[in-house]
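An overview of the molecular structure
Chain residues, written in single-letter form:
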Amino acid sequence: MARQSQILVLNGPNLNMLGVRQPEIYGHATLADVEALCRTHGDAIGFDIDFRQSNHEGELVTWIQEARGTKDGIAINAAAFTHTSVAILDALSLVDIPVIEVHLSNVFARDKFRHLSYISPIAAGVICGFGPQSYILALDALRSILNKA
Ligand code: DQA
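Residues numbered from 1 in each chain as written. Predicted model: local features only at pLDDT ≥ 70, side-chain atom pairs only at ≥ 80, totals over all residues. Heavy atoms only, no water.

Let's shift gears to the environment of P132. Relative to the assigned elements, P132 resides in the loop between β5 (125-128) and α5 (133-148). Judged by its relative accessible area of 22%, P132 falls in the partly exposed class. In this structure the C-alpha to C-alpha distance between P132 and T70, which are 62 residues apart in sequence, comes to 26 Å. Residues contacting P132, with those up to four places away along its chain left out, are A29, V34, L37 and L104. (Helix = DSSP H or I, 4+ residues; strand = E, 2+ residues; numbered from the N terminus. Buried < 20%, exposed > 50% of the residue type's maximum accessible area, 1.4 Å probe, protein only. Contact = heavy atoms within 4.5 Å.)

Moving on to the side chain of S117. Locating S117 in the fold gives a position in the loop between β4 (99-103) and β5. At 3.0 Å, the side chain of S117 forms a polar contact with the backbone nitrogen of S120. (Polar contact = N/O pair within 3.5 Å; in protein donor to acceptor, adjacent residues only side chain to side chain.)

Take the packing of helix α2 (residues 31-45) against α5 next. Two numbers describe a pair of packed helices, the interaxial angle and the distance between the axes. At a minimum axis separation of 10 Å, α2 and α5 run at an interaxial angle of 30°. The angle between α2 and α5 falls in the class roughly parallel. Between α2 and α5 the crossing geometry is right-handed. Note on element contacts: α5 touches α2 through Y135, I136, L139, D140 and R143, opposite V34, L37, C38, H41 and I45. (Axes fitted to C-alpha atoms, helices over the stretch in contact; angles between N-to-C directions. Parallel < 35°, antiparallel > 145°, perpendicular 65-115°, else oblique. Left-handed = near helix turned anticlockwise from the far one by under 90°.)

In the structure shown here, the tally under the stated rule is 1 cavity of 30 Å³ or more. Roughly 140 Å³ of internal volume is contained in the largest cavity. Forming the walls of the largest cavity are 13 residues, and the residues nearest its centre are Y26, N77, A79, H103 and R110. Here the residues of the lining of the largest cavity are counted per class, giving 6 nonpolar, 4 polar and 3 charged. (1 Å grid on protein atoms, 1.4 Å probe; cavity = no way out; pocket = protein on both sides within 12 Å on 5 of 7 lines; lining within 4 Å. Points joined across faces, edges and corners; volume = space filled by probe spheres on them. Nonpolar A, V, L, I, M, F, W, Y, C, P; charged D, E, K, R; others polar.)

So, about the sheet that holds β5. Taken together, the 5 strands give an open sheet; going across it, the order is β2-β1-β3-β4-β5, and neighbouring strands pair in parallel fashion. At either end of the open sheet lies a strand with only one pairing partner, and these are β2 (47-53) and β5. Neighbouring strand axes in the sheet, compared pairwise and without regard to direction, differ in orientation by 20° on average. Across 4 bridges, β4 lies against β5 in parallel orientation. Opposite H103, over in β5, you have C128 as the bridge partner. Contacts from helix α3 (residues 57-67) reach β1 (5-11), β2 and β3 (73-77) within the one sheet, and its direction differs from that of β1 by about 170°. Packed onto the sheet, α5 meets β1, β2, β3, β4 and β5 and runs at close to 165° relative to β4. (Pairing = 2+ DSSP bridges.)

Next up, the structure:
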């Protein structure tokens with residue numbers, strides 16, 4: 001049997017509140033719903049999904065560091081840390097595996113401060129604006145990158 005790709009799906013602060021958090025922006029799906037979607041799609045495309053969320057920047061940094069040598073790719077919704085965190089940028093820069101930046105909302109249709117991402121410069125690509133489907137598109141993007149590798 002072909003080896004499954006090991007994929008880390010990381011979620012930053014306040015994403016544990018999906019479902020009740022500003023549903024007019026983020027919709028009604030919970031983070032557990034998003035995780036279930038990722039797992040189902042991951043099974044379909046041969047990805048073993050490690051799905052995590054933290055409100056703590058340092059914990060996200062540690063998980064990213066641990067992905068070096070153990071994971072094949074990362075899909076990350078760093079949430080507000082996207083717009084602030086050099087530490088997450090630096091961690092993603094050292095892992096040497098493809099990174100896809102994900103957002104539920106279309107950050108470019110929102111506040112100006114959300115137009116700046118510290119992650120985009122090292123991301124293979126950015127997917128935003130499709131709600132939970134953004135995660136599925138990110139997994140498909142990782143699959144096509146890994147298939148070409
Ligand atoms: C978000 C967009 C960010 O600007 C915001 O801080 C979030 C969620 C998104 O998924 O749309 O927390 O990353």
